[in-house]
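Coordinates in review
Single-letter residue listing:
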Amino acid sequence: LLSSFSAPADTLLSAMQTAESRVGEGSDSPTARACKTGMQKLRGLFIKGSKGRLRGDGNDEEAMAGKRGTLEYNEEEEAMEEISDLPEINRSGSKPFGSGWGPASPATPRGLLGGAQPVARDASLEHHAPPEWVVTYVRLLRGRPLRWFFLLLWLSLTLSGASIYFPLTRILKISVEPPYGSESEAAKITYAENFPPEPVTLVALLSTNQRNAPNQTLINADAEMQLELLPPFFSYNPEGDLTAETESISLDLKKRVQPYLELVEWPADVASGQQAEAASAERGWTSARGSGVPAPPPSPAQLKPKCEFNFYSFFDMPFEVQMVAHSFLFPSKFGGQEGMIAVHLVSCYGHAIYKECVYKHEWFCEPVAELLESWADYREWRMEEFPESPVDLTFVSYPVVYEDIIMGIEWGMALSTVATILAFIVLAIMLRNIRQLGLVACNILTGIGTTLLIMYPVSYYVMDVNVCAPAMLVAVALAMSIDYSLFLLTRFNEERLDGRSITQSLEIALATQGHTIVVSGATLALCFTSMLVLPTSTITSMAAGAATAVLQSVLVSLSLTPALLLTMPRFFTADRMLGLTLDGTPFGTYRRASSGTVAQFGATIDRPTIIENPQPKKESIWAHLGRCSQRGAPVMFLFLALVMVPFAMALTRFSYVEDLTPLMQTTHPATKAFISISNIYGQDLTTPVQLLIMAPSQKAMASREWSLATCHMLQDLATKVTDRMHEEGHDYTMTTADFNGLMIFRGGCLADGLKFGVIDVMPAVHMYGMYDMVADLLSNRNQTATQVYVHCQVDLFSEVGEAWMRAVRASLPRPEVIRQPLGGHQDADSANYVPYGRWDDVEIGALHLYGMPLEQMDGAQYTLRRMPYVGLAIAAIVCIILGPLTRRS
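Residues numbered from 1 in each chain as written. Predicted model: local features only at pLDDT ≥ 70, side-chain atom pairs only at ≥ 80, totals over all residues. Heavy atoms only, no water.

**Here we look at the overall build of the chain**
Counting its regular elements, the chain contains 29 helices and 20 strands. A buried classification covers 47% of the 889 residues belonging to the chain. Looking at the chain alone, contacts between residues at least 24 apart form 75% of all its contacts between residues at least 6 apart. Here the chain has roughly 44600 Å² of accessible surface; of this, 61% comes from carbon and sulfur atoms. (Helix = DSSP H or I, 4+ residues; strand = E, 2+ residues; numbered from the N terminus. Buried < 20%, exposed > 50% of the residue type's maximum accessible area, 1.4 Å probe, protein only. Contact = heavy atoms within 4.5 Å. Areas by Shrake-Rupley, 256 points an atom, 1.4 Å probe, with all protein chains shown as cover.)

**Topic: the confidence of the model for the chain**
Mean pLDDT for the chain: 75, with 71% of residues reaching 70 or above. The spread of mean pLDDT over the elements of the chain runs between helix α11 (residues 285-291), the lowest at 35, and helix α6 (residues 144-163), the highest at 93. Low pLDDT (under 50) marks residues 1-7, which in the prediction has 15 contacts with non-local residues, meaning those over four places away or in another chain. Note that residues 271-296 has pLDDT below 50 and, in this model, 12 contacts with residues that lie over four places away or in other chains. (pLDDT = per-residue confidence, 0-100.)

**What about a nonpolar patch on the surface?**
Nonpolar side chains collect at one region of the surface, where Ile-421, Leu-422, Ile-425, Val-426, Ile-429 and Met-430 lie side by side and expose about 600 Å² of accessible area between them. Here Leu-422 is to be found in helix α14 (residues 398-431). Taking the relative accessible area as the measure of exposure, Leu-422 reaches 54% and is therefore exposed. (Patch = residues over 30% accessible without salt bridge, like charges linked within 9 Å, V, L, I, M, F, W, Y side chains within 5 Å. Salt bridge = Lys/Arg side-chain N within 4 Å of Asp/Glu carboxyl O.)

**Some words on unusual backbone geometry**
Even without a glycine there, the phi angle at Tyr-349 is positive, about 55°. Along the chain, Tyr-349 turns up in the loop between β7 (338-348) and β8 (351-352). In the Ramachandran plot, Arg-432 falls in the positive-phi region, its phi being about 55° despite a non-glycine side chain. Checked against the element boundaries, Arg-432 lands in the loop between α14 and α15 (437-462). Residue classification places Arg-432 among the partly exposed residues on the basis of a relative accessible area of 32%.

**Topic: the nonpolar core**
Side chains of nonpolar character tend, in soluble globular proteins, to be buried together. Ranked by internal contacts, the top residues of the largest apolar core, which has 125 residues, are Leu-253, Phe-309, Leu-345, Ile-353 and Trp-375. In this structure Phe-309 touches Val-257, Tyr-260, Leu-261, Val-343, His-344, Leu-345, Val-346, Ser-347, Cys-348, Val-368 and Leu-371, once residues within four positions along its chain are discounted. In terms of nonpolar packing, the next biggest core, distinct from the first, is built from 41 residues, Val-689, Ala-718, Val-721 and Trp-804 among them. (Core = buried A, V, L, I, M, F, W, Y, C linked by side-chain atoms within 4.5 Å.)

**Topic: the pairing of strand β12 (residues 689-694)**
The buried count for β12 comes to six of six residues, which makes it a mostly enclosed element. The alternating pattern of β12 places Val-689, Leu-691 and Ile-693 and Gln-690, Leu-692 and Met-694 on opposite faces, both of which are buried. Across five bridges, the pairing between β12 and strand β20 (residues 842-850) is antiparallel. In the sheet register, Leu-691 faces β20, and the bridge partner there is Leu-849. (Pairing = 2+ DSSP bridges.)

**Description of the state of the cysteines**
By the definition in use, this model includes three disulfides. Sulfur-sulfur distance for the disulfide between Cys-357 and Cys-365 comes to 2.0 Å. Handedness here is read from the sign of the S-S torsion; for Cys-357 and Cys-365, about -100°, the answer is left-handed. We classify Cys-357 as buried; its relative accessible area is 0%. Note on cysteine connectivity: Cys-711 is disulfide-linked to Cys-749, with sulfurs 2.0 Å apart. Because the torsion about its S-S bond is -90°, the bridge between Cys-711 and Cys-749 counts as left-handed. In this pair, Cys-711 sits in helix α25 (residues 704-727) while Cys-749 sits in strand β15 (residues 748-749), placing the two residues 38 residues apart along the sequence. Look at the chain and number its bonded cysteines as they come in the sequence; the links are 1-2, 3-4, 5-6. (Disulfide = S-S within 2.5 Å.)

**Observations regarding the pattern of salt bridges**
Under the criterion given, the structure shown has 12 salt bridges. Across the pair Arg-809 and Glu-183 runs a salt bridge whose closest N-O atoms are separated by 3.8 Å. Of this pair, Arg-809 sits in helix α28 (residues 799-811) while Glu-183 is found in helix α8 (residues 183-194), placing the two residues 626 residues apart along the sequence. On the basis of relative accessibility, which here comes to 9%, the residue Glu-183 falls in the buried class. Of the charged contacts, one joins Asp-752 and Arg-704 as a salt bridge, the two residues approaching to 3.0 Å between their closest N and O atoms. Pair noted here: Asp-752 is in the loop between β15 and β16 (755-756) and Arg-704 is in helix α25, with a separation of 48 residues, a long-range link.

**A look at the environment of Met-701**
Looking at the secondary structure, you find Met-701 in helix α24 (residues 698-702). Under the relative-accessibility criterion, Met-701 is labelled buried at 11%. Excluding residues that lie within four positions of it along the chain, Met-701 makes contacts with Ala-695, Trp-706, Leu-742, Ser-779, Gln-783, Thr-784, Ala-785 and Thr-786.

**Re the packing of helix α5 (residues 132-142) against α6**
Packed helix pairs are specified by the crossing angle of their axes together with the interaxial distance, meaning the distance between the axes. α6 packs onto α5 with a crossing angle of 80° between their chain directions and a minimal axis gap of 4 Å. As summarised for this structure, α5 and α6 are arranged roughly perpendicular, according to the angle between their axes. Seen from α5, the contacting residues are Tyr-137, Leu-140, Leu-141 and Arg-142; seen from α6, they are Arg-144, Leu-146, Arg-147 and Phe-150. Classifying every residue of the contact of α5 with α6 gives five nonpolar, no polar and three charged. (Axes fitted to C-alpha atoms, helices over the stretch in contact; angles between N-to-C directions. Parallel < 35°, antiparallel > 145°, perpendicular 65-115°, else oblique. Nonpolar A, V, L, I, M, F, W, Y, C, P; charged D, E, K, R; others polar.)

**Some details on the environment of Thr-538**
Within the secondary structure, Thr-538 is located in helix α18 (residues 537-567). Residue classification places Thr-538 among the buried positions, given a relative accessible area of 16%. Through-space distance from the C-alpha of Thr-538 to that of Lys-173 is 8.8 Å; in sequence the pair is 365 residues apart. Ignoring anything within four residues of it in the chain, the contact list for Thr-538 reads Val-176 and Asn-466.

**Topic: the pairing of β7**
Of all 11 residues that make up β7, 10 are buried, and the element is covered over most of its length. As defined by bridge partners, strand β1 (residues 200-208) adjoins β7 across eight bridges and the pair is classed as antiparallel. Bridged to Val-200 within β7 is Leu-345. The sheet contact formed by strand β6 (residues 307-312) and β7 spans six bridges and is antiparallel. What sits directly across from Cys-307, in β7, is Cys-348. Between the end of β7 and the start of β8, which pair antiparallel, lie two residues, with Tyr-349 showing a positive phi angle near 55°.

**Let's talk about helix α16 (residues 469-497)**
Compared with an ideal rise of 1.5 Å per residue, which puts 29 residues at 42 Å, α16 spans 42 Å between its outermost C-alpha atoms and is within 8% of the ideal. Within α16, 21 of the 29 residues are buried, which leaves it mostly tucked inside the rest of the structure. Gly-499 lies just past α16 and shows a positive phi near 100°. (Expected span 1.5 Å × (residues − 1).)

**Looking at a negative patch on the surface**
On the surface, Glu-366, Glu-370, Glu-373 and Asp-377 cluster together into a negatively charged patch. Looking at the secondary structure, you find Glu-366 in helix α13 (residues 366-385). (Lys, Arg positive; Asp, Glu negative; His and termini not counted. Charge placed at Lys NZ, Arg CZ, Asp CG, Glu CD.)

**Considerations on the packing of aromatic side chains**
Within this structure, the stated rule accounts for 18 aromatic pairs. Judged by centre distance (5.3 Å) and plane angle (75°), the ring pair of Tyr-165 and Phe-166 falls under edge-to-face. A residue is classified by how much of its surface remains accessible, and Tyr-165, at 22% relative accessible area, is partly exposed. For Phe-166, a relative accessible area of 58% puts it in the exposed group. Ring-pair connections join several aromatic residues into one group, and the members of that group are Tyr-191, Phe-195 and Tyr-850. (Phe/Tyr/Trp six-rings, centres within 6.5 Å; stacked < 30°, edge-to-face > 60°.)

Dropping the structure here:
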């Protein structure tokens, strides 16, 4: 019958009747019933289509359209696909499979460039029809309304997600946030409520070039104060050292800071809306602008410094301050071969500078970005003009560090793109159709774009999203989109090669691999969602992004891919020469199909082929491995349990991560400078630990009694920390010199004076305004809270450093009565616990130990404490979702 399809109409109708009569009127076998149904359907289609359209002699409309290259996916193709839906009757007696969907079909013999060869399924495969909802879904997709709705929906969402990428990056968090409900979170909230943003410092690190000036010093480390001179000053001998070179660099850097300290007229939008309106009205700007009259020049009273930058250099300090700052700026333990010049970036245009402002492109941080660029240009100029310079110069600040981190993340995303290229090569080999890679690319772009679109309101209204979250969600979206596309398209192509129509192949692919995609996506998304119980915002934001990316990949794979396949079916199924032809395009050529296929432009839709003796498929190595694993299930379970033991033991030795260095690029100059400053000046400069003291009142904080009582409390605190460390087995001794603040310096109470030898330099410090400047840096605006820097003698991120932080926190004075903000008892480990007591019969105030190391320590402890619950949740999710499927199989 099929071979006579191209015969005249009367011959074809006679063949139908003959084939129908051969079945036998009394037979009731499944083969006979399928054959009767097929013959009736075929005869109806023939009668319907033979009205001047399907003549069968090569001159019908379909053949002419194929020659013109204008054949569309219309009713004629629909009729041809319905004809190919007929069940196959194998002469060997196998069951029909034309509309079946069971196990994957045997491997189809292919030519070198992808030509399909007719094969038959194994005779043992049973017939299963796709679920009715799958058939209905595909039927709706074949209609234009739903198909175009999906295409336009995903296109609009993808473009919207791409447009908000840069706005999203501006609200991401770079810093590591403390865990929810921890004591470090309470300290951070207290700091934010009482102090301006943490100060941002631009540091120029000066180092002796050992190649050009071996063993020479930047300045004498053993400089002594000459008391017989009036006034007394440091006498350092410039001979044999690089003092002149260092002072020259200091002057050059200061010149580049001066332009930002000049008096300028602030923009009108610096103040709030009402204040800007009032200021504009007072100057008459509103009427002047409205009438076209140029605005009058600003009066001197209206001019203000563009920025407030404090420049700290040894050569700009009074001699009294040099005595204090010498040992800090040029550490003696490095022999005077290391030094620094610092600029404290306070504010610009009245807005406080904070660490992320340059990264977020805040308008008032433009002077900061310009200063960073200016210093970088100066460094490049020195390297070109003075290649033999005896002094090396590098710069580092948190804006530069954050830029380093962002560049590292962007490099990671670029590496993911390179990995995608390799994955596309593998996909092209497996799919044997390069055109279908376009479907995969659409899935990837749509999944990433829609995920970014969802994460924007999440980061703005719901939770803090870490800067690493976009890299995580991009990686997950890439992986899942590629996997799910491979599942769906591989099965679709297998069914096409078995002779099924596009509609049948898509139904079978959705019914089989679609089910796998849904189960896999649901399992992964729920596992990622279970990590939201962890208290660290870095992990929860990445988990939220990953879960969203997985769900979007599932939705895109099950909607966009079928819609594109049904929109351009012949383009995506034309696999001759791996799709590197013009088949399926308006420029393609019409080629007549072989006797076993339906003639079609650009693709070959194989019709059911009768195979005399189908050969069974050879089992692949993966199927053999899976079968062996199932047969030896007890042994495999024992093996996996033994493999898990060393990993479980390693969990008990987990520690927390180290500051920001894991996020920075290993080869970036800022990374090297950041590590060098930490090694030379200690972590007090890069990741300081501060004790926040909230005084009862402004009057109390300004009194000498409060200063002395607080100083004595800190001196006693050093003794208690030492005792705790010894009790825990750590050889660590904390000294009073480890505290530096307004009430204590180098171990002595400033209320009793600041003495160097027999000279009290405290009056000079007050006279030159140095004490007031330090007070402005360490205290809040209302003078009701201050900070004390606490020095740790070891690495804060080591085991001893972690024990030291716990000891300091536990040794803080505890009040006799705990003041609770809300009802309910709170213990000392609670975030609501506020140490608030007295010392020397003076009420000191609330105390909080604050700093990034504490936040990371709390984050690690809280995370590891809840990690077993996350593991149990993941195990439960896998059992609940995959358990019924295993029992069903």
